[in-house]
Amino acid sequence: MEIKIEKIKSFQDLEAWQEGHKLVIQVFQVTNTYPKEEVYGLIGHSKRASLSITTNISEAFSRTNFKEKIQYYSFALKGVREVQNFLLVARDLGYLKSDSFDKIAAQTAIVSRICGDLVKGGKR
């Protein structure tokens, strides 16, 4: 059996970025259903926090210093935690239905696990 290893050429090849990107798309879609008075509250904060995840993963990719990479992966993990908090608030305010919350919460768990592994020195 031959194992084929593909070289990572871009931050877009990283599993962390790919799963984070899925989360960003979900956050943007779900926040479009929030009340318009939340545009400068939960909507804006949720979108910015989600974007910070993939932004920091892509920034980590460009760093050659291991400590800097870990720092940016830590920032990405912080963004995941912010998104999780905002989703809980939105659910508790009735802006998110249970099925929508469960789906996006599952994606935050995936991204959190991957980013946590990267902070510990993994290579996803």
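Quick notes on the rules
Residues numbered from 1 in each chain as written. Predicted model: local features only at pLDDT ≥ 70, side-chain atom pairs only at ≥ 80, totals over all residues. Heavy atoms only, no water. Core = buried A, V, L, I, M, F, W, Y, C linked by side-chain atoms within 4.5 Å. Buried < 20%, exposed > 50% of the residue type's maximum accessible area, 1.4 Å probe, protein only. Helix = DSSP H or I, 4+ residues; strand = E, 2+ residues; numbered from the N terminus. Contact = heavy atoms within 4.5 Å. Axes fitted to C-alpha atoms, helices over the stretch in contact; angles between N-to-C directions. Parallel < 35°, antiparallel > 145°, perpendicular 65-115°, else oblique. Left-handed = near helix turned anticlockwise from the far one by under 90°. Nonpolar A, V, L, I, M, F, W, Y, C, P; charged D, E, K, R; others polar. Expected span 1.5 Å × (residues − 1). Polar contact = N/O pair within 3.5 Å; in protein donor to acceptor, adjacent residues only side chain to side chain.

A. Highlighting the nonpolar core. Ranked by internal contacts, the top residues of the largest apolar core, which has 29 residues, are Y34, I53, I57, L87 and L96. Of all the elements in the fold, those that place two or more residues in this core are α1 (15–31), α2 (39–62), α3 (66–92) and α4 (98–119). The leading source of residues in this core is α3, at nine residues. Sequence-distant contacts of Y34, defined by excluding residues within four places in its chain, comprise L42, I43, L87, A90, Y95 and L96.

B. Up close: the packing of α3 against α4. Contact pair α3 / α4: the axes reach a minimum separation of 9 Å and the direction vectors enclose 160°. Of the possible angle classes, the one that applies to α3 and α4 is roughly antiparallel. As for the relative orientation of α3 and α4, their crossing is left-handed in sense. Along the contact surface, α3 presents I70, Y73, S74, A76, L77, V80, R81, V83, Q84, L87, L88 and R91, while α4 presents F101, I104, T108, A109, V111, S112, C115, G116, L118 and V119. Here the contact of α3 with α4 is built from residues that sort into 15 nonpolar, five polar and two charged.

C. Spatial organisation of α3. In this model α3 runs 39 Å from its N-terminal to its C-terminal C-alpha over 27 residues, within 8% of the 39 Å that 1.5 Å per residue would give. Those residues of α3 hidden inside the fold are in contact with α1, α2 and α4. For α3, the capping residue at the N-terminal end is N65, with a side-chain oxygen 2.8 Å from the backbone nitrogen of K67. A positive phi of about 85° marks G94, the residue just after α3.

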